[in-house]
Structures are given as structure tokens and as C-alpha cells.
Amino acid sequence: MSIIKFLTSKTFLKQILLALAAVVVLCFVILKWLNITTNHGEFETVPDLRGKSIDVAEIELKQNNLVMKIQDSANYNPDYPRFSVIEQEPLAGTKVKEDRKIYITLNPSGYRKIRVPDGLIDQTFRQVKPTLEALGFKVGKISYENNIGKDMVLKLYHEGKRIEAGDKLAKTSKIDLVLGNGNRP
């Protein structure tokens, strides 16, 4: 039997039609199964979690059939309470499928600690002030005592305690300075 006769035979054409019918039925069944298992057209709305504690955020996400994943802690933001949500992904109001992971970023308990640098003592106020401010500290109260070096930094204090180079203080801490007044002791 030649190939051309076989391709034009009734048996071959029946097999092709049966195969096409099977593919159409299989595609129809798979599409229906996908619609049912993926909850096609059903969405959950992501709630606004910013400023809320971890516990409250977790309860709200469970009520909306969503899953909370803590992504990271960011730099301390004084506008939000400690250990509260400051960012979320996806954003509030977004429509998502149920059991979607919502990534949140938490506000840490406070500013991170920064080491007081070496070399501040016996430097002029004009040199020390920008160094402290660049590190995130604030210059607090300035007082003077007798010392021949005018405006030379003699001592550093934080909340009444003397601090030395290498001590760690929270960012934005106020550092009080004792400067020389230019008079001989």
C-alpha cells in the first residue's frame, strides 16, 4: 500500500478526527478544571496595614484569607509606633487571590546605635559640629570653661554623663559640648 493511499483512506481520516475530538475534549476539561481550582474571578482586597501592630496586621490578613510575611525592619521612623508596619507590598486596596503573601516592613524599636568617633577632643567646634551632624547626632547644650584654646572641644556629655570616643549612642542623640573660652586656667 502506498503512502498516498494510506493518507486518503477512511481509517486514517477516522483516526485524525478522533484525535482532534480528543484534544478538544481534553482542552475543555482542563480549562474547566483551572476555572474551579484557581477561583477564577474571585479576589481579596489587601487592607491598609500601615501604622498597625504586627498582631493587628496578622488578624486583618487572616480575615481576608491572606498570609503575612515580615520582610525586614527599616530605619527607625518616629512618625510610626515601635514595631508597627511602615510599608507593605502589595499596596492597600490591591485585588489579589486568596492565600497571597503580603510582605510588610516593620518599624524597629528605636534608632540604631552609632559609635562616637575618635579625634573629637582638642578639635575646634567648627570641625566637630559637622562631624557629629553627619553621623546623625545633634549638638545640644554648649558650655565653656577656662582653657587657652578658644572654642576647642574639651569634653562631651550625653544626658549628664561624660562620653568618650567609641561609646555608642542612638542616632539623633543630643551631645552636649564643653568648649574652651580662650582664658588661661
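The structure under discussion appears in the preceding block.
Overview of the structure. (Residues numbered from 1 in each chain as written. Predicted model: local features only at pLDDT ≥ 70, side-chain atom pairs only at ≥ 80, totals over all residues. Heavy atoms only, no water.)

1. Topic: the overall build of the chain
Right, on to step 1. On a plain count of helices and strands, the chain comes out with four helices and eleven strands.
Right, on to step 2. Taken along its principal axes, the extent of the C-alpha atoms in the chain is 120 × 45 × 20 Å.
Right, on to step 3. Per-residue burial for the chain yields a buried fraction of 24% across its 185 residues.
Right, on to step 4. Restricting to contacts in the chain with at least 6 residues of sequence separation, those with at least 24 account for 70%.
Right, on to step 5. Carbon and sulfur atoms make up 56% of the accessible area of the chain, which totals about 12900 Å². (Helix = DSSP H or I, 4+ residues; strand = E, 2+ residues; numbered from the N terminus. Buried < 20%, exposed > 50% of the residue type's maximum accessible area, 1.4 Å probe, protein only. Contact = heavy atoms within 4.5 Å. Areas by Shrake-Rupley, 256 points an atom, 1.4 Å probe, with all protein chains shown as cover.)

2. Looking at helix α2 (residues 10-37)
Since there are 3.6 residues in each turn of an α-helix, residues three or four apart along the chain are aligned in direction.
Right, on to step 1. For α2, built from 28 residues, the straight-helix expectation of 40 Å at 1.5 Å per residue is met to within 8% by its first-to-last C-alpha distance of 40 Å.
Right, on to step 2. Remark: N39 follows α2 within two positions and exhibits a positive phi of approximately 50°. (Expected span 1.5 Å × (residues − 1).)

3. Examining the nonpolar core
Right, on to step 1. V116, L132, F137, L156, I175 and L177 are the most contacted members of the largest nonpolar core, which totals 14 residues.
Right, on to step 2. Residue contributions to this core peak at three residues, all from strand β11 (residues 174-180).
Right, on to step 3. Excluding residues that lie within four positions of it along the chain, F137 makes contacts with I114, R115, V116, L132, L169, A170, T172, S173 and I175.
Right, on to step 4. Formed by eleven residues, the second largest nonpolar core is a distinct cluster that contains V46, L61, I104 and L106. (Core = buried A, V, L, I, M, F, W, Y, C linked by side-chain atoms within 4.5 Å.)

4. Describing the packing of aromatic side chains
Right, on to step 1. On inspection of all chains with the given rule, the structure shows zero aromatic pairs.
Right, on to step 2. The positively charged end of K97 is found above the aromatic ring belonging to F43, 4.9 Å away from the centroid. (Phe/Tyr/Trp six-rings, centres within 6.5 Å; stacked < 30°, edge-to-face > 60°. Lys NZ or Arg CZ within 6 Å of the ring centre and 35° of its normal.)

5. Observations regarding the pairing of strand β8 (residues 153-158)
Right, on to step 1. Relative to β11, β8 runs antiparallel, the two sharing four bridges. In the strand pairing of β11, V153 is matched with L179.
Right, on to step 2. Strand direction decides the pairing type here: β8 and strand β9 (residues 161-163), joined by three bridges, are antiparallel. In the strand pairing of β9, L156 is matched with I163.
Right, on to step 3. Between β8 and β9, which pair antiparallel one after the other, the connecting turn spans two residues, and E159 there sits at a positive phi close to 50°. (Pairing = 2+ DSSP bridges.)

6. Looking at the sheet that holds β8
Right, on to step 1. Spatially, four strands are ordered β7-β11-β8-β9 in an open sheet, and the strand pairing comes out mixed. Pairing within the sheet leaves two strands with one partner each, and these edge strands are β7 (138-145) and β9. Averaged over all neighbouring strand pairs, the angle between strand axes comes to 35°, with direction disregarded.
Right, on to step 2. Against the sheet, helix α4 (residues 125-135) engages β7, β8 and β11, with an angle of about 155° to β7. (Axes fitted to C-alpha atoms, helices over the stretch in contact; angles between N-to-C directions.)

7. Here we look at the environment of T172
Right, on to step 1. Mapped onto the elements, T172 comes out in the loop between β10 (168-170) and β11.
Right, on to step 2. C-alpha of T172 to C-alpha of Y111: the two residues are 61 residues apart in sequence and 7.7 Å apart in space.
Right, on to step 3. Leaving out residues up to four positions away in the same chain, T172 has contacts with Y111, G136, F137 and K138.

8. Some remarks on unusual backbone geometry
Note: most residues except glycine have negative phi, and most peptide bonds are trans.
Right, on to step 1. Of the consecutive residues E89 and P90, the connecting peptide bond is found in the cis state with omega at 0°.
Right, on to step 2. Located in the positive-phi region is T172, a residue other than glycine, with phi close to 75°.

9. Focus on the environment of Y111
Right, on to step 1. Residue placement: Y111 occurs in the loop between β5 (101-106) and β6 (113-115).
Right, on to step 2. The class for Y111 is partly exposed, based on a relative accessible area of 28%.
Right, on to step 3. Those residues in contact with Y111 that sit more than four places away from it in its chain are Y76, P78, A170, K171 and T172.

10. Some words on the pattern of salt bridges
Right, on to step 1. Under the defined criterion, the tally for this structure stands at six salt bridges.
Right, on to step 2. In this structure, the salt-bridge partner of D48 is R50, at a minimum N-O distance of 3.4 Å.
Right, on to step 3. Taking the relative accessible area as the measure of exposure, D48 reaches 34% and is therefore partly exposed.
Right, on to step 4. Judged by relative accessible area, R50 falls into the partly exposed class, the value being 46%.
Right, on to step 5. The partner of E145 in a salt bridge is K155, and the shortest N-O contact between them spans 3.4 Å. With a gap of ten residues between them, E145 in strand β7 and K155 in strand β8 connect regions that are remote in the sequence. (Salt bridge = Lys/Arg side-chain N within 4 Å of Asp/Glu carboxyl O.)

Fair warning: the whole summary comes from geometry, so function is off the table for now.
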